[in-house]
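Architecture and fold: a report
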Amino acid sequence: MNNDNTLVLAHYYTEPEVQKMADYVGDSLDLAQHAQREKPKRIVFAGVKFMAETAKILNPDTEVILPDSDSTCSLVEQTDIIQLKAWSMQYKDHTHVMYINSSAKMKALADVIVTSRIVDDVVAAEYAKGNKVIFSPDRNMGAYLNYQYGYNMPTWSAVCEVHEKFKADELKRAMRGWTDGGKFVLAHPESPLPVLEMADYVGSTKGMLDWVKKHPYNFSTIFVATEEGLLYNMRELRPDLDIRLAPTYSGCQCNACPYMKMNNTGNVAEAIKTGKGLKIDYLSDSDIEKAYKPIARMMEYA
Ligand code: 13P
Ligand code: SF4
C-alpha cells in the first residue's frame, strides 16, 4: 500500500503492466479477502465493476474506484433483475447460490455468494444439509456442477462471453498435433460443458495456477480454456511447460475479456494519483445491507 493509504488491487486477467502496478494480484476471492483484511482509505480496483462493488460492500467506509466505468461483465449485463427475481421466486424453498459475477442488486436476491474456487464445496454443503438449490447467473457453471455431481439444480441462463467461445471440436483438433511431452487440458468452469468434459482439471483462476505450479512433468503441453491474461502468470511460474490457449472457433482471437482490458497503465495511474474513475458511491445503505449478508456467508465458507 502506498503512502496515502491507497490499496491497488488487480485481477489476473489484466495486462501484465497493470498487474505490476498493483499491491496485490489475485482471483476474485483473493481480492475480496484482501480488500476486507487491509481496510485502506482508498482502493483502486483494476478489475471489473462487480469486484469493485464487492470490495465496497465489504468496506462501506472505503473509497473504491474503478478506473474505467464501462468495465462490466457479460454475466451481469445478460441478467435482467426483474426476471431474475421472478425466476428465484418460483423456488422460494431453495437455497439461491449465486456466483460473485453479479451486480449488488442481484446479490441482494441470493442466500450465499460463491466464487469458482469454492462453488463445489458450498453447493455440496447445502445439499448435505438437505436443502434444495438453485444457481445463478452462469449457465455453464451450473451445468458443470449438475454433470459432475449428479445434481438437478435449476440454473439461470447467462454466460461469460469470453469462456463461452471455447470449442471442444477445435480443441480435439489442436490436441491431435505432435508435441514433445504429454498433453493436458485445464478449464475454467465458465467454459461450455463439452470443453469441461475434456479437462484434466476444472477450477478457478487460482486453482489452475496451483495446478500448473505443482505439475510433476517437464515439457508437457497444457491447453488452457480461460482468459488469456492468466497465461502470463502461468508462464512466469513454469517457463519449462508449453502453455497454450485452448482454441475458440477457427480464426477467432476471442480469449481476451474486453472489460478487464479496459484497465490500462494510464487510467490506473490516474485513479491512484487523482481518484479519477467510477467511484462506487451509488449503492444505497439498503443495497449494501442486503448484498452484505450472502457475501458474508461466502467469506465464512472461504
Ligand atoms: P475467478 O474467480 O477465478 O477470479 O474468476 C473471475 C472471472 O471473472 C472469471 O471469468
Ligand atoms: Fe465477466 Fe467473462 Fe470477463 Fe470474467 S472473463 S469478467 S466472466 S466477461
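Everything discussed here concerns the structure shown above.
Residues numbered from 1 in each chain as written. Chains lettered and ligands numbered in written order. Predicted model: local features only at pLDDT ≥ 70, side-chain atom pairs only at ≥ 80, totals over all residues. Heavy atoms only, no water.

Some details on the site of ligand 1
The environment of ligand 1 is made up of His 11, Tyr 13, Asp 27, Ser 28, Tyr 99, Asn 101, Ser 116, His 163, His 188, Glu 190, Ser 204 and Thr 205. His 11 is positioned with one of its side-chain polar atoms (N or O) 2.7 Å from an oxygen atom of ligand 1. Within the contact set of ligand 1, an oxygen atom lies 3.1 Å away from a side-chain nitrogen or oxygen of Asn 101. The protein chains hide 96% of the 300 Å² of surface that ligand 1 would expose on its own. (Near = heavy atom within 4 Å. Polar contact = N/O pair within 3.5 Å; in protein donor to acceptor, adjacent residues only side chain to side chain. Areas by Shrake-Rupley, 256 points an atom, 1.4 Å probe, with all protein chains shown as cover.)

Remarks on the environment of Ala 52
Looking at the element boundaries, Ala 52 is found in helix H3 (residues 49-58). Judged by its relative accessible area of 0%, Ala 52 falls in the buried class. Each C-alpha atom, one on Ala 52 and one on Asp 23, is 15 Å from the other, the two residues being 29 residues apart in sequence. Beyond its immediate chain neighbours, meaning those up to four positions away, Ala 52 contacts Phe 45, Val 64, Leu 66 and Ile 280. (Helix = DSSP H or I, 4+ residues; strand = E, 2+ residues; numbered from the N terminus. Buried < 20%, exposed > 50% of the residue type's maximum accessible area, 1.4 Å probe, protein only. Contact = heavy atoms within 4.5 Å.)

Considerations on the environment of Val 18
Looking at the element boundaries, Val 18 is found in helix H1 (residues 16-21). Measuring from C-alpha to C-alpha, the distance between Val 18 and Ala 46 comes to 7.6 Å, with 28 residues separating the pair along the chain.

Notes on the sheet that holds strand S8 (residues 183-187)
Taking strand neighbours across the sheet as the criterion, the four strands line up as S9-S8-S10-S11 in an open arrangement whose pairing is parallel. If you trace the sheet from one side to the other, it starts and ends with strand S9 (201-202) and strand S11 (242-245), each paired once. As paired strands, S8 and S9 are joined by two bridges and run parallel to one another. Bridge pairing links Ala 187 to Val 202 in S9. Strands in contact with helix H12 (residues 229-237) are S8, strand S10 (221-225) and S11; relative to S11, the strand with the most contacts, it is inclined by about 175°. (Pairing = 2+ DSSP bridges. Axes fitted to C-alpha atoms, helices over the stretch in contact; angles between N-to-C directions.)

Here's the deal with the site of ligand 2
Around ligand 2 sit Tyr 13, Cys 73, Ser 74, Leu 75, Asn 101, Cys 160, Val 162, Glu 190, Cys 257 and Tyr 259, and that is every residue in its neighbourhood. When its residues are assigned to classes, the shell around ligand 2 shows seven nonpolar, two polar and one charged. (Nonpolar A, V, L, I, M, F, W, Y, C, P; charged D, E, K, R; others polar.)

Looking at the packing of aromatic side chains
Each aromatic ring pair is characterised by the separation of its centres together with the angle its planes make. In total, this model carries six aromatic pairs according to the counting rule given. Members of the aromatic cluster, connected to one another through ring pairs, are Trp 87, Tyr 91 and Trp 156. (Phe/Tyr/Trp six-rings, centres within 6.5 Å; stacked < 30°, edge-to-face > 60°.)

As for the sheet that holds strand S4 (residues 63-66)
Strands in a sheet are paired, the pairing made by backbone hydrogen bonds, and the direction either parallel or antiparallel. Read across the sheet, five strands follow the order S2-S1-S3-S4-S12 without closing on themselves; strand pairing throughout is mixed. Each edge of the sheet is formed by a strand with only one pairing partner; in this case those strands are strand S2 (24-26) and strand S12 (278-279). Sitting on the sheet, helix H13 (residues 265-274) is in contact with strand S1 (6-11), strand S3 (42-46) and S4, with an inclination near 175° to S3.

Describing the nonpolar core
Grouped together as the largest cluster of nonpolar side chains are 73 residues, with contacts concentrated most on Phe 135 and Met 234. The biggest single contributor to this core is H3, with six residues. Those residues in contact with Met 234 that sit more than four places away from it in its chain are Leu 186, Met 208, Leu 209, Val 212, Val 224 and Ile 243. (Core = buried A, V, L, I, M, F, W, Y, C linked by side-chain atoms within 4.5 Å.)

Topic: unusual backbone geometry
Cis geometry is adopted by the peptide bond preceding Pro 137, which originates at Ser 136 and carries an omega value of -10°. Summarising the element assignment, Pro 137 is placed in the loop between strand S7 (132-136) and helix H8 (139-149). The backbone phi angle of Lys 39 is positive, close to 45°, even though this residue is not glycine. Lys 39 sits in the exposed class, given a relative accessible area of 52%. Of note in this structure, Phe 219 is not a glycine but carries a positive phi near 65°. If you trace the backbone, Phe 219 turns up in the loop between helix H11 (205-214) and S10.

Thoughts on the packing of helix H2 (residues 28-38) against H3
Where H2 meets H3, the closest approach of the two axes is 9 Å, and the angle between their N-to-C directions is 30°. Accordingly, the angle class assigned to the pair H2 and H3 is roughly parallel. Relative to H3, H2 is oriented so that their crossing is right-handed. Contacts between H2 and H3 pair Ser 28, Ala 32, Ala 35 and Gln 36 from the former with Met 51, Thr 54, Ala 55 and Leu 58 from the latter. For the contact of H2 with H3, the residue count by class is five nonpolar, three polar and no charged. (Parallel < 35°, antiparallel > 145°, perpendicular 65-115°, else oblique. Left-handed = near helix turned anticlockwise from the far one by under 90°.)

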